[in-house]
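What the coordinates show
Below are the chains, spelled out letter by letter.
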Amino acid sequence: MILTVTLNTALDITYRVRSLRPHASHRVSEVTERPGGKGVNVARVLAALGHEVTVTGFTGGATGRVVQERLASVPGVVDALVPVSGATRRTIAVADEQTGDTTQLNEPGPMVTPTEWSAFQEAYEDLLPSASAVALCGSLPPGVPVGAYAGLVRTARAAGVPVLLDTSGEALRRGVAARPDIIKPNADELAELTGSHEPLRATQDARRRGAGAVVASLGPGGLLAATREGRWRATPPTSVRGNPTGAGDSVVAGLLSGSVEHLPWPDRLVRAVALSAATVQAPVAGEFDRGVFEELLGRVAVSGEVSAA
Ligand SMILES: O=P(O)(O)OC[C@H]1O[C@](O)(CO)[C@@H](O)[C@H]1O
């Protein structure tokens, strides 16, 4: 199975409004709720691609119960979440019908005690021997040490399990130093990590800091990958409009599934770009449109070069 870690799980709520204006009161025309947090989204997409997935991280309170109830009905996803005394957070995405833009409000998450953090680390170590790959995704809830991902990367490496890290800020900086196999920053996260706003230079710099491969998501500009095997750029055929919530998580799912299936890097990037664009176009945030995905697979452009041996 593929293991996804979401330390800060969420009940993702999407509000649709006619036009979002600061200081105004709004009528919500539609409300959607689904289990979220980045690793949970990754798991749903992996399962839709036919992979067996186990989800771990923290869950607590009434929101945690809703997240778990909803996860139970997703075929192919096994729930191995660890209980905490605090409540799983909510995230609110407000989709503006007029502009097509989405505004995101993410709660901080429950306070995790040192005992709960230790319980998670034990559960994680127990799950690793059955995992073909692991994805560590999203923000850290309060109470979890900022070096948490660095530790989880080291544990996965010691167990011989390939590890992808998708987070930001100091947690990413420390995590990269622990040498994950893949990181997937967006342009801002990559610039913050390396101090460079030039993506090509920044991806190479991030590799020097410890990442085995760096796949930078450049929004409508597609993906830029710097790996041991070579460097590539993959771009969607047209700029897609819609809700980008979860598009980065679909990239992670594309990369991970391609990695466990031993696809060559260009094919993994094509899959990741097609999934991401199909997520932007899906009516519900974080889902992907299978028809769009399959149609785009043949139309994503890849350019680049293989490294000299
Ligand atoms: O952990 P964070 O960085 O706060 O991100 C979580 C949020 O991001 C999303 O995964 C979208 O990528 C939402 O589902 C939401 O839960």
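Residues numbered from 1 in each chain as written. Predicted model: local features only at pLDDT ≥ 70, side-chain atom pairs only at ≥ 80, totals over all residues. Heavy atoms only, no water.

**Some thoughts on the environment of Ala47**
So the rule is basically this: Helix and strand definitions follow DSSP, with helices as H or I runs of at least four residues and strands as E runs of at least two, each counted in order from the N terminus. Buried, partly exposed and exposed residues are distinguished by accessible area as a fraction of the type maximum, computed with a 1.4 Å probe on protein chains only: under 20%, between the cut-offs, and over 50%, respectively. For this analysis, residues touch if any pair of their heavy atoms sits within 4.5 Å.
Within the secondary structure, Ala47 is located in helix α1 (residues 38–48). Residue classification places Ala47 among the buried positions, given a relative accessible area of 13%. Once you skip the residues sitting within four places of it in the chain, Ala47 turns out to touch Val53, Pro75, Gly76 and Val77.

**Some thoughts on the sheet that holds strand β3 (residues 28–36)**
As a reminder of what qualifies: In this analysis, strands are considered paired if DSSP registers two or more bridges between them. Here, axes are lines fitted to C-alpha atoms. For helices the fit covers the stretch in contact, and angles between N-to-C directions go from 0 to 180 degrees.
Here we have four strands laid out as an open sheet, ordered β3-β2-β7-β8, and mixed in their pairing. Edge strands, defined here as strands with exactly one partner in the open sheet, are β3 and β8 (102–106). Strand-to-strand twist of the sheet, defined as the mean angle between neighbouring strand axes without regard to direction, takes the value 20°. The pairing of strand β2 (residues 10–17) with β3 spans eight bridges and is antiparallel. If you follow Ala10 over to β3, its bridge partner there is Gly36. Running over the sheet, α1 touches β2 and β3 and is turned about 85° from β3. Strand contacts of helix α2 (residues 61–72): β2, β3 and β7 (89–96), with the helix running at about 80° to β3, the strand carrying the most contacts.

**What about the side chain of Thr91?**
Here Thr91 is to be found in strand β7. Residue Thr91 is classed as buried on the basis of its relative accessible area, which comes to 4%. Among residues more than four places away in sequence, those in contact with Thr91 are Ala10, Leu11, Asp12, Ile13, Gln104, Leu105 and Asn106.

**Considering the packing of aromatic side chains**
What counts here: Stacked, tilted and edge-to-face pairs are distinguished by plane angle, under 30 degrees for stacked and over 60 for edge-to-face with tilted covering the rest, among Phe, Tyr and Trp rings (Trp via its six-membered ring) whose centres lie within 6.5 Å. Charge over a ring is defined by NZ of Lys or CZ of Arg lying within 6 Å of the ring centre and within 35 degrees of the ring normal.
For the structure on display, the rule yields four aromatic pairs. Here Trp117 and Phe120 contribute two aromatic rings whose centre-to-centre distance is 5.7 Å and whose plane-to-plane angle is 10°, an arrangement assigned as stacked. Placement of the pair is Trp117 and Phe120 together in helix α3 (residues 114–127), with a separation of three residues, close to one helical turn. Taken individually, Trp117 and Phe120 each receive the classification buried, so the pair is uniform in this respect. On the numbers, 5.7 Å between centres and 80° between planes, the contact of Phe288 with Phe293 is edge-to-face. Classification of Phe288 by relative accessible area gives buried; the value is 16%. Among the aromatic residues, those joined into a ring-pair cluster are Phe58, Trp117, Phe120 and Tyr124. Lying across the ring of Trp265, Arg268 places its NZ or CZ 4.5 Å from the centre.

**Description of the site of the ligand**
Spelled out, the test is: When we say a residue is near a molecule or strand, we mean one of its heavy atoms is within 4 Å of it. Under the rule applied, a polar contact is a pair of N or O atoms within 3.5 Å (in protein, one hydrogen donor and one hydrogen acceptor; residues adjacent in sequence only if both atoms are side-chain atoms). For accessible areas, the Shrake-Rupley method is used with a probe of radius 1.4 Å. Any residue's cover is judged against the shown protein chains and nothing else.
Not every one of the 13 residues close to the ligand is listed here, only the nearest: Asp12, Asn41, Arg89, Ser139 and Asp249. The contact in question runs from an oxygen atom of the ligand to an N or O atom on the side chain of Asp12, over 2.2 Å. In the complex, 88% of the free accessible area of the ligand, which totals 390 Å², lies under the protein chains. Within the residue set of the shell around the ligand, elements represented by two or more residues are β2, α1 and β7.

**With respect to the pairing of strand β14 (residues 230–235)**
On a regular strand, each side chain points to the face opposite its neighbour's, so the side chains alternate between the two faces of the sheet. Residues Gly230, Trp232 and Ala234 line the buried face of β14, whereas the alternating positions Arg231, Arg233 and Thr235 sit on a face that is not buried. Across four bridges, strand β13 (residues 223–226) lies against β14 in antiparallel orientation. Following the sheet pairing, Ala225 is matched in β14 by Trp232. In this antiparallel pair of consecutive strands, β13 and β14, the connection spans three residues.

**Some words on the packing of helix α8 (residues 247–260) against helix α9 (residues 265–281)**
In a pair of packed helices, the angle between the axes and the distance between the axes together describe the arrangement. Applicable threshold: Each angle is binned into one of four classes, with values under 35 degrees roughly parallel, values over 145 roughly antiparallel, values of 65 to 115 roughly perpendicular, and all other values oblique. A crossing counts as left-handed when the near helix is turned anticlockwise from the far one by less than a right angle, and as right-handed when that turn is clockwise. For this classification, Asp, Glu, Lys and Arg are treated as charged, while Ala, Val, Leu, Ile, Met, Phe, Trp, Tyr, Cys and Pro are nonpolar and the rest, including Gly, are polar.
It is the contact of α8 with α9, at a shortest axis distance of 8 Å, that shows an interaxial angle of 150°. Taken together, the axes of α8 and α9 are roughly antiparallel relative to one another. Judged by the twist between their axes, the crossing of α8 over α9 is right-handed. Residues Ala247, Ser250, Val251, Ala253, Gly254, Leu255, Ser257, Gly258 and Ser259 of α8 touch α9, and the partners they reach there are Trp265, Arg268, Leu269, Arg271, Ala272, Leu275, Ser276, Thr279 and Val280. Taken together, the residues of the contact of α8 with α9 sort by class into nine nonpolar, seven polar and two charged.

**Re the nonpolar core**
We apply this condition: As used here, the term nonpolar core means buried Ala, Val, Leu, Ile, Met, Phe, Trp, Tyr and Cys residues forming a set that is joined through side-chain atoms within 4.5 Å.
Core analysis: the largest hydrophobic core is formed by 49 residues, its most contacted members being Val215, Leu255, Trp265 and Leu269. Ranked by residues supplied to this core, first place goes to α9 with nine residues. Residues in contact with Leu269, not counting those within four places in the same chain, are Val215, Leu223, Ala225, Trp232, Ala234 and Leu255.

**What about unusual backbone geometry?**
A positive phi angle, close to 70°, is found at Arg179, a residue other than glycine. Look at Arg179 and you get partly exposed, because its relative accessible area is 47%. A positive phi is found at His262, a non-glycine position, where the angle reads about 55°. Take His262: it is sitting in the loop between α8 and α9. For His262, a relative accessible area of 68% translates into the label exposed.

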